[in-house]
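The lines below spell out each chain.
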Amino acid sequence: MTIALSQFDEVRLDRVSRDFGALNALRDVSLTIRRGEFIALLGPSGCGKSTTLNCIAGLLPVTGGAIWLDKNRVDTLRPEERGFGMVFQNYALFPHLNVRQNIGFGLKMRGRPKAEIDRKVDEALNLVRLQGQENKLPGQLSGGQQQRVAIARAIVIEPPLVLMDEPLSNLDAKLRIEMRAEIRRIHNELGATTIYVTHDQDEALSLADRIVVLRDGVVRQVGAPKELYETPAHFDVADFMGFRN
Ligand code: ADP
Ligand code: MG
């Protein structure tokens, strides 16, 4: 494969905190993610999922703690120095650039040669199954197709880590199920390491190798879907997972 993701052993959050004024949006979040894992960050609206993801990406400075990629401290680096791939709920595509230009944008900004950009964009297009759509503008695509473009754009820069913030929330129920499977397939084919934010228990249970349950900025439980299902550590985890009737 032409797209070869940067390799590493683990990403480690060490007591990461983020305050907004008097609000402690994240409190001492510690977490180790190993290469190749698909991690779901799960919790109700306002629990700090996006804040966690944005702190990892570098879009938001932490107010305490540190983030490590193996032996390298990354929370002090700018987002482009970290080089993580981001996928957002609203796709965040450039409306005036076609599919090929949207996907290649990051490589172009990094000054890569045109031949390399073309080769990698072609491979990304194949991976997300958008062959034949490359000259269209985002406005000419369905929501699912736009999210495929956003995923291609995130992975074409060969990031060590792929970060997705509720990527399927804007899609209708049928498409959500279809794209769920697609996201897991792409993760597997690339051998990616993915952190996937969702408030949807089903999504987390069906997609993730491990689920991190957040509540009020605190990690409540970390475990494989089966573990969470069988032995929720807290009453409110059981409650949120819908296991208590
Ligand atoms: P989630 O993604 O789980 O819905 P967020 O991480 O967006 O939650 O937000 C966590 C908490 O931090 C919420 O109480 C939210 O209102 C607050 N928050 C998030 N971003 C900001 C901001 N830029 N300024 C002030 N408060 C914020
Ligand atoms: Mg959010």
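Since we're looking at a predicted model, the values are computed, not measured.

Criteria and thresholds
- Starting afresh in each chain, residues are numbered from 1 along the sequence in its written order.
- By the order in which they are written, chains take letters starting at A while ligands take numbers starting at 1.
- The predicted nature of this model means local features are confined to residues of pLDDT at least 70 and side-chain atom pairs, given and counted, to a pLDDT of 80 or more, with totals for whole chains, interfaces and linings taken over all residues.
- Strands pair, by our definition, only if DSSP identifies at least two bridges between them.
- Helix and strand definitions here come from DSSP, where helices need a minimum of 4 consecutive H or I residues and strands a minimum of 2 consecutive E residues; each element is numbered from the N-terminal end.
- For every residue pair, C-beta atoms are placed from the backbone, and the pair is scored as a contact if these atoms sit within 7 Å.
- Note on definitions: angles span 0 to 180 degrees between N-to-C directions of axes, and those axes are lines fitted to C-alpha atoms, for helices only across the stretch in contact.
- Put plainly, near means the residue's C-beta atom, positioned from the backbone, lies within 6 Å of the molecule or strand in question.
- Here the term charged refers only to Asp, Glu, Lys and Arg, the term nonpolar to Ala, Val, Leu, Ile, Met, Phe, Trp, Tyr, Cys and Pro, and the term polar to all other amino acids, Gly among them.
- Field definition: a residue is buried when 20 or more other C-beta atoms are found within 10 Å of its C-beta, exposed when 12 or fewer are, and partly exposed for counts in between, with C-beta atoms placed from the backbone.
- UniProt positions are given in the numbering used here, feature names are shortened, and annotations may be inferred rather than shown by experiment.

**Student:** With reference to specific residues and values, describe the sheet that holds strand β1 (residues 10-20).
**Tutor:** By way of backbone hydrogen bonds, the strands of a sheet pair with one another, either parallel or antiparallel. One open sheet accounts for four strands, arranged β2-β1-β4-β5; its pairing is antiparallel. Either end of the sheet is taken by a strand with one partner, and the two such strands are β2 (23-34) and β5 (72-73). As judged from the five bridges shared by β1 and strand β4 (residues 64-69), these two strands associate in the antiparallel manner. For L13, the partnering residue across the bridge sits in β4 and is I67. Against the sheet, helix α1 (residues 49-57) engages β1, β2 and β4, with an angle of about 60° to β2.

**Student:** An account of the site of ligand 1 is requested, with residue identities and associated values reported.
**Tutor:** If you check the shell around ligand 1, you find F20, L23, A25, G43, S45, G46, C47, G48, K49, S50 and T51 and nothing else. When contributions to the shell around ligand 1 are tallied by element, the ones reaching two or more residues are β2 and α1. Its residues placed into classes, the shell around ligand 1 shows four nonpolar, six polar and one charged.

**Student:** So what about helix α3 (residues 99-109)? Which residues, and what values?
**Tutor:** Taken together, the buried positions of α3 are occupied by V99, R100, N102, I103, G104 and L107. Each element contacted by the buried residues of α3 is listed here: α4 (114-127) and α5 (143-155).

**Student:** Report on the UniProt feature "domain: ABC transporter" (unreviewed entry) in the protein chain, specifying residues and quantitative values.
**Tutor:** When the UniProt feature table is mapped onto this chain, "domain: ABC transporter" (unreviewed entry) is found at residues 11-241. For residues 11-241, helix accounts for 39% and strand for 26%, while the C-alpha atoms at its two ends are 26 Å apart.

**Student:** Report on the environment of N126, specifying residues and quantitative values.
**Tutor:** Relative to the helices and strands, N126 is located in helix α4. On the basis of neighbour counts, which here come to 13 C-beta atoms within 10 Å, the residue N126 falls in the partly exposed class. Distance in space between the C-alpha atoms of N126 and G43 is 33 Å, their sequence separation being 83 residues.

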